[in-house]
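# Coordinate inspection notes
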Amino acid sequence: SGQTQQAIATLNKQLALDPNNAVAMNNLAFDLAETGTDLDRALTLAERVARKFPNDPGVIDTLGWVYAKRGLNQSAIQVLRGLVKKYPNEPAYRYHLAVALLQDKQPSDAKRELLAALSGHPPKDLSSKIQENLRQVR
């Protein structure tokens, strides 16, 4: 979407001014993963921020999501399962885990996570993504 591309441009500008801005790094890593562009850079940024903030759930979610988008499914599953265990009511974390599980050919586990994510009343855009993935496993 145009908004994500605009966000990426803005985040790149922020990092040019402040290369150690962890929030900008994390957001850029997430947006790059979402768009599937420059996944090597996304991984570098996500890992860098995760080393600085290993207990921040948003940072850890970004790392797991980047792993999933890179096809590093086992790493994604490990990171995201830990996150879901700590924060079981966060639909986005369950969705990200479900995507990694689907990619790893674990449809029954993915379906369980997708249904749990839906039961958490996610925002409309996330709900649409969850439902789209559910159609793949039915």
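A quick note: this is a predicted structure, and the numbers were derived from the prediction, not measured.

Cut-offs used in this document
- Residues numbered from 1 in each chain as written.
- Predicted model: local features only at pLDDT ≥ 70, side-chain atom pairs only at ≥ 80, totals over all residues.
- Heavy atoms only, no water.
- Core = buried A, V, L, I, M, F, W, Y, C linked by side-chain atoms within 4.5 Å.
- Buried < 20%, exposed > 50% of the residue type's maximum accessible area, 1.4 Å probe, protein only.
- Helix = DSSP H or I, 4+ residues; strand = E, 2+ residues; numbered from the N terminus.
- Contact = heavy atoms within 4.5 Å.
- Polar contact = N/O pair within 3.5 Å; in protein donor to acceptor, adjacent residues only side chain to side chain.
- Phe/Tyr/Trp six-rings, centres within 6.5 Å; stacked < 30°, edge-to-face > 60°.

## Things to note about the nonpolar core
- In terms of nonpolar packing, the biggest core is built from 46 residues, with Leu28, Leu45, Val66, Tyr95, Leu114 and Ile130 touching the most fellow members.
- Looking at this core, the elements with two or more residues in it are helix H1 (2-17), helix H2 (22-35), helix H3 (39-52), helix H4 (57-70), helix H5 (73-86), helix H6 (91-103), helix H7 (107-119) and helix H8 (124-137).
- Here this core takes nine residues from H6, the largest share from any one element.
- Excluding anything up to four places from it in sequence, leucine 45 contacts Leu15, Met25, Leu28, Ala29 and Leu32.

## Some details on the side chain of asparagine 73
- Within the secondary structure, asparagine 73 is located in helix H5.
- Given the relative accessible area of 11%, asparagine 73 is considered buried.
- At a separation of 2.6 Å, a polar atom in the side chain of asparagine 73 contacts the side chain of glutamine 103.
- Excluding anything up to four places from it in sequence, asparagine 73 contacts Ala68, Ala100, Gln103 and Asp104.

## Focus on unusual backbone geometry
- Here the phi dihedral of aspartate 38 falls at roughly 50°; this positive angle occurs in a residue that is not glycine.
- Tracing the backbone through its elements, the reader meets aspartate 38 in the loop between H2 and H3.
- Positive phi, close to 60°, is recorded for lysine 105, a residue that is not glycine.
- Tracing the backbone shows lysine 105 in the loop between H6 and H7.
- Note on lysine 105: relative accessible area 70%, which makes it exposed.

## Thoughts on the packing of aromatic side chains
- Under the criterion given, the structure shown has two aromatic pairs.
- Ring geometry for tryptophan 65 against tyrosine 95: centres 5.7 Å apart, planes inclined by 45°, an arrangement best described as tilted. Here tyrosine 95 lies in helix H6 and tryptophan 65 lies in helix H4, a separation of 30 residues in the sequence. The pair tryptophan 65 / tyrosine 95 is uniform in exposure class, with both members buried.
- Centre to centre, the rings of tyrosine 87 and tyrosine 93 are 6.1 Å apart; their planes meet at 80°, and the pair counts as edge-to-face.
- Tyrosine 87 sits in the partly exposed class, given a relative accessible area of 34%.
- Relative accessible area serves as the criterion here: at 11%, tyrosine 93 is assigned to the buried category.

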